[in-house]
Amino acid sequence: MEDVNNVLDIAKDDNLYGEVITLADSTADGTFLIHHFLSFFLGNNRPVCFVSLSQSFGHHKSVCQKLGVSLTQKIESSHLNFFDGLKVFGNRFLDTQPENVDISNTTSLQGFYKAIKTNYEDLQDKNKAPPVVIVDSLNVLLNIGYQVKEISAFVQYLCHLISGPGCDARGTLITFLSIGENGLDEETSLLWRSVVHMSNMDVLVSGLESGYCKDVHGKIEVKRRNLLKKNSQKTMQFKVNDKSVNFFASGMSRAVLG
Amino acid sequence: MFTFFNCSMATTSFQKKARVKINQIPGTKPSLFNNQLLISSGVPSLDNIIGGGLAVGTVCLIEEDVYGSYSRLLLKYFSAEAAMTGHSLLLASADQDPQLIVKELPGPILDDPGDVTKGNTPEQSENMKIAWRYQHLPASQAGHSSSKFGHYYDLTKVMEPQLISSVNPALVGIEELERECKECKDLNPKYKYLLKRIKEEIDRGHFSTTEQTDKRSILRIAVHSLGSPLWDECGGLASNQEDLDYSLPRFLLALRVLMRSAFAVCMITIPTHLFQIPGYVGRLRKMCDTVLHMDSFAGSDKEKNPAFKEYHGLFNIVQLPRLNSLLCHMPDTLDFAFKLRRKKFTIEKLHLPPELSETANRNQEDPLPHLHPSTALCSTTKPNKLDF
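If you're wondering where the values come from, they're calculated on a predicted model, not measured in any experiment. (Residues numbered from 1 in each chain as written. Chains lettered and ligands numbered in written order. Predicted model: local features only at pLDDT ≥ 70, side-chain atom pairs only at ≥ 80, totals over all residues. Heavy atoms only, no water.)

Caption draft 1: Molecular detail of the pattern of salt bridges. All names here are of chain B. Under the defined criterion, the tally for this structure stands at 27 salt bridges over all chains. For R256, the salt bridge identified is with D289, shortest N-O distance 3.4 Å. Of this pair, R256 sits in helix α8 (residues 247-260) while D289 sits in the loop between α9 (280-287) and β11 (290-296), and the two are 33 residues apart along the sequence. Overall, R256 belongs to the buried group, its relative accessible area being 7%. (Salt bridge = Lys/Arg side-chain N within 4 Å of Asp/Glu carboxyl O. Helix = DSSP H or I, 4+ residues; strand = E, 2+ residues; numbered from the N terminus. Buried < 20%, exposed > 50% of the residue type's maximum accessible area, 1.4 Å probe, protein only.)

Caption draft 2: Focus on helix α9 (residues 186-197) of chain A. Here α9(A) contains 12 residues, and its C-alpha end-to-end distance of 17 Å stays within 8% of the 16 Å for a straight helix at 1.5 Å per residue. Listed as buried for α9(A) are A:T188, A:S189, A:L191, A:W192, A:V195 and A:V196. The arc that holds the buried residues of α9(A), viewed along the axis, is 160°, so those residues lie on one side. For α9(A), the exposed residues lying more than 90 degrees away from the buried face are A:E186, A:R193 and A:H197. The inward-facing, buried residues of α9(A) abut β1 (20-25), α7 (138-143), α8 (148-162), β5 (172-178) and β6 (201-206) of chain A together with α9 of chain B. (Expected span 1.5 Å × (residues − 1). Arc of directions from axis to C-beta. Contact = heavy atoms within 4.5 Å.)

Caption draft 3: Main features of the nonpolar core. Within the largest apolar cluster, 93 residues are counted, with the highest numbers of intra-cluster contacts made by A:F37, A:I220, B:F315 and B:F345. If we ignore the near neighbours within four places in the chain, the residues touching B:F345 are B:V43, B:S45, B:Y70, B:L73, B:L74, B:Y77, B:M294, B:F338, B:K339 and B:L340. Within the second largest apolar cluster, 89 residues are counted, among which are A:Y146, A:C159, B:L195 and B:I221. (Core = buried A, V, L, I, M, F, W, Y, C linked by side-chain atoms within 4.5 Å.)

Caption draft 4: Geometry of the environment of B:I101. All names here are of chain B. By the secondary structure assignment, I101 is in helix α3 (residues 98-103). Accessibility expressed as a relative area gives 4% for I101, which makes it buried. Between the alpha carbons of I101 and R256 there is a distance of 25 Å; along the sequence they are 155 residues apart. Every residue in contact with I101, bar those within four places of it in the chain, is listed here: K76, L91, S93, Q96 and H224.

Caption draft 5: Representation of the confidence of the model for chain B within the structure. All names here are of chain B. The pLDDT averaged across chain B works out to 79; a share of 76% of its residues lies at or above 70. Mean pLDDT across the elements of chain B bottoms out in helix α4 (residues 122-127) (47) and peaks in strand β4 (residues 59-63) (96). Scored below 50 in pLDDT, residues 138-145 shows 16 contacts in the model against residues more than four places distant or in partner chains. Segment residues 359-367 is flagged for pLDDT under 50; beyond a separation of four residues in sequence, or across chains, it makes 5 contacts in the model. For this predicted complex, the interface confidence reaches an ipTM of 0.93, while the overall pTM sits at 0.85. (pLDDT = per-residue confidence, 0-100.)

Caption draft 6: Geometry of the side chain of A:D185. Position of A:D185 relative to the elements: it lies in the loop between β5 and α9. Owing to a relative accessible area of 9%, A:D185 belongs among the buried residues under this scheme. Among the polar contacts listed, one links the side chain of A:D185 to the side chain of A:T188, at a separation of 2.8 Å. Once you skip the residues sitting within four places of it in the chain, A:D185 turns out to touch B:P278, B:G279 and B:R283. (Polar contact = N/O pair within 3.5 Å; in protein donor to acceptor, adjacent residues only side chain to side chain.)

Here is the structure:
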């Protein structure tokens, strides 16, 4: 979605090699950002290793179809690797004999990391461009019992995974986290801050301070870290539509201006 | 307006539901704005505010009012709707005997009171001139031959036992839970058993989306007061009173996996006022799809507040699911109120009465002081700068 790219200061053919981006939402729904990045990278023919922990494949497929990307086609052409984390972790609590014991071990995320690493390297072999890893969403891991330290280490391992030898060989890492109402859930806030510390760009989608509004769904704050430029922070308001998102400066919504 | 597609093997219940012939599943309708298959919650006014109904394949969480009576009422409506549409029902409750709950389901309000005697008596055909084209069609009846979406119920009547038994509900009560639950280190044993029962019911009734069957129906799963102390839940705390007990989020994750691949809808009520760990309820909300919050006035000083004279409690939409689209249903407002008359239970936008009596003490404070629910849509707990 072009508008999202403009807000994030990403050009249409930007590679984002070696970038670590943290997406978060607090009181509004920010998952449109995940679909934006999915369609953006797949549209640019970058291979994507998508780890989905909170929604089923069908949901992602439908949304991406609206944005013009066919996920099944990308899987067939080895551009996309879809890891159904929801099923893997959920099934552990359903079956008496879980299949992927390594991956869904309660205390350690090592098995999970190894599975992602295999997928990443597999994509790397099959494609020229370095892959992108998108994780949606980290707070599912926190909710089912993994410790903040463990998840934070997991993200650090992923950061290491995407950094290759040359500038052109570095992948991209995008993680999504739902932090709930700001400050209320300490552990989630702690996890968010530690993941943001490892990232280049931090995007936070939150609701309006004055409450719910049908026409202005929330505000988005983009912070670029490790930059010495003056404008490293941007805040705008947005409204989500069926196939796109409209952004506008605070208070400039068409509904408000009339 | 709706075109018909051929039925195809769906791997998850989130395949565009338009693939199934729309009139094949009674009691369902496609959502007007994203083609998601919806069922009625049993309360038509609730269906209207959440975007048409509950989406098939999702979990609806109702945060209970303090005494639990109104949330139990919502569950009863949800279960009664199963009888009216021919859907199957699984009802679980640890606090009350599910047999009792089922016996107390409200009776449906029939469309035409004169329909109990079938056939056109000569009187009727004189008094009511019905278009000749429709004269030979049977008058509408109660029961699952009715394909209407959403029914009204009369709380002064009880549903007929034959109608209830036609549904053949699966009931899970406290004795079964205590007897059958097995030791488990990942998860509270009772939750694990409930998951097992739900899975069994889905398999037995062929509700899984991977199975091809001729007569598709929907499984309604109603869980009453999950997370109450009778489920061995200690407000989210583990037995050592210090660590968190992750059983409930784990249960909800596994439940989501089950729901996403079944033609089923799950409605759970949780007494969230018992969970005092900050942020814990927020986590539970994220693990469910639709989240609604009820707050009854009974026993609080709001009962005497003249602004709330007509209503019995407040009703808030905390979260609506985003399914198969970028956008979730965005209602005009998230704050509603509900009222319970003899026959009808309605949820509507909170209308303040036009005139408060002159002698009434006009409270300077906001009548909704603590009610800033954290929503996945938008709001925060910061004081409203627009308050004068």
